[in-house]
Amino acid sequence: MDVRLDVFSSGWFPRWGKGLKLGVGLLLGVSLSACGDPDWQGTDWTKNYQDSFEAQISARAALMPGSAVQAYQPSPDGAPNSPVAYHSPPMLSYEDRPLNENIAGSLELSDYVKAMQVAKLDPWISGPGPYTLFAIPNAAMERLSARWPGGLLAPANRGQLAHILGYTIAYGKWDEAALRKAIQRNHGRAIGLKTLYGDLLGVLRSPQTGELILENTAGQTNRLGSRSFPQSNGVLYFTQDTLLPVPVLKPASAGSKKGHR
């Protein structure tokens, strides 16, 4: 098992040079649970689920961000116009429940949850982990899907979907404190997290605002939309947009008859 942070070349701040390499000492006591590409063949998913008996019980929960108000618009005359008329129901993230359960309870992540199921990646975030999940909100998922003919969930685009979503799953339990400490120990430079398919996801601290920012190896960035949420098998973040792995996956042309594999 490769317990380390890998080389990450940041394009956001050119003065950082060609890249950086962090050893075991920068892991801050966090071990990566697995490495390399997922082994799909012969995997018994029934044994991948986290044993709830082994999870420490906690009554702590946090309110996840949501945009449920967009799901119901009152009619001008006040008459009911929806079978389910609700206003911003609370969406809680429970510290003693795994990632797959908590994101399933978020209306703001409903498109992301569906995409994870279509790509058959949801069993990975139901296991013991730990994993750090950078979840994509509905509006960003819909904008991304529209770039692919037939939508990103179409069978022909299944390979791209799995690769993009795999880039949102990083090995290890990286809450805000752990990320900031690793960046500080690396003299303020970006750190590289290993994601599900081996792609590197950079995390850096904005010198202007101090917020944490995600970056791919092409220098494209994605801002985090909220605080981190502790999970029984890792950490959950909400992002503001999407970030593609490099080489950037391009959608098939509208006139192409051949699907991606």
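Above this text is the structure in question.
These notes cover the structure that comes with them. This one's a predicted model, so the numbers in the text were calculated from it and none came from an experiment. The written sequence of each chain sets the order in which its residues are numbered from 1. Totals for whole chains, interfaces and linings use every residue, but because this is a predicted model, local features are given only for residues with pLDDT of at least 70 and side-chain atom pairs only at 80 or more, for both listing and counting. Only hydrogens and water are set aside when side-chain values are computed; all heavy atoms of the structure are taken into account.

**Observations regarding empty space enclosed by the protein**
Summary: where empty space remains is shown by rolling a probe the size of a single water molecule over the atoms.
Thought 1: Whether a set of points on the 1 Å grid over the protein atoms alone is a cavity depends on a 1.4 Å probe fitting there but being unable to get out, while an open set qualifies as a pocket with protein on both sides within 12 Å along at least five of seven lines; lining residues are those with an atom within 4 Å of a point. Grid points are joined across faces, edges and corners, and a volume is the space filled by probe spheres set on the points. All chains considered together, the criterion is met by 1 cavity of 30 Å³ or more.
Thought 2: Here the largest cavity is characterised by a volume of approximately 70 Å³.
Thought 3: As for the largest cavity, its lining consists of Phe134, Ile136, Ile164, Tyr167, Thr168, Leu201, Leu214, Asn222, Thr239, Asp241, Thr242 and Leu243.
Thought 4: For the lining of the largest cavity, the per-class residue count stands at 7 nonpolar, 4 polar and 1 charged. In this count, Pro and Cys sit with the nonpolar residues alongside Ala, Val, Leu, Ile, Met, Phe, Trp and Tyr, while Asp, Glu, Lys and Arg are called charged and the others, Gly among them, polar.

**Description of the sheet that holds strand E10 (residues 234-238)**
Sheet strands pair by backbone hydrogen bonding; their relative direction is either parallel or antiparallel.
Thought 1: Strands are labelled as partners when DSSP assigns at least two bridges between them. The helix and strand labels rest on DSSP assignments: H or I over at least four residues marks a helix, E over at least two residues marks a strand, and numbering proceeds from the N terminus. Taken together, 4 strands build an open sheet; the order of strands is E4-E3-E10-E9 and the sheet is mixed. Single-partner strands in this sheet number two, and they are strand E4 (169-171) and strand E9 (229-231). Across the sheet, the mean angle separating the axes of adjacent strands is 20 degrees when strand polarity is ignored.
Thought 2: As judged from the 3 bridges shared by E9 and E10, these two strands associate in the antiparallel manner. Paired with Gln231 across the bridge in E10 is Gly234. Here an angle of 0 to 180 degrees is reported between the N-to-C directions of two axes, which are lines fitted to C-alpha atoms, with helices fitted over the stretch in contact.

**Thoughts on the pairing of E10**
Thought 1: Counting buried residues in E10 gives 5 out of 5 residues, a clear majority hidden from the surface.
Thought 2: Looking at chain direction, strand E3 (residues 131-135) and E10 are connected through 5 bridges and run parallel. From the neighbouring strand, Thr132 faces E10, where its bridge partner is Val235.
Thought 3: The antiparallel pairing of E9 with E10 creates a hairpin that spans 2 residues between the two strands. Under the scheme applied here, a residue whose accessible area is under 20% of the maximum for its type counts as buried, over 50% as exposed, and between as partly exposed, the area being computed with a 1.4 Å probe on protein chains only.

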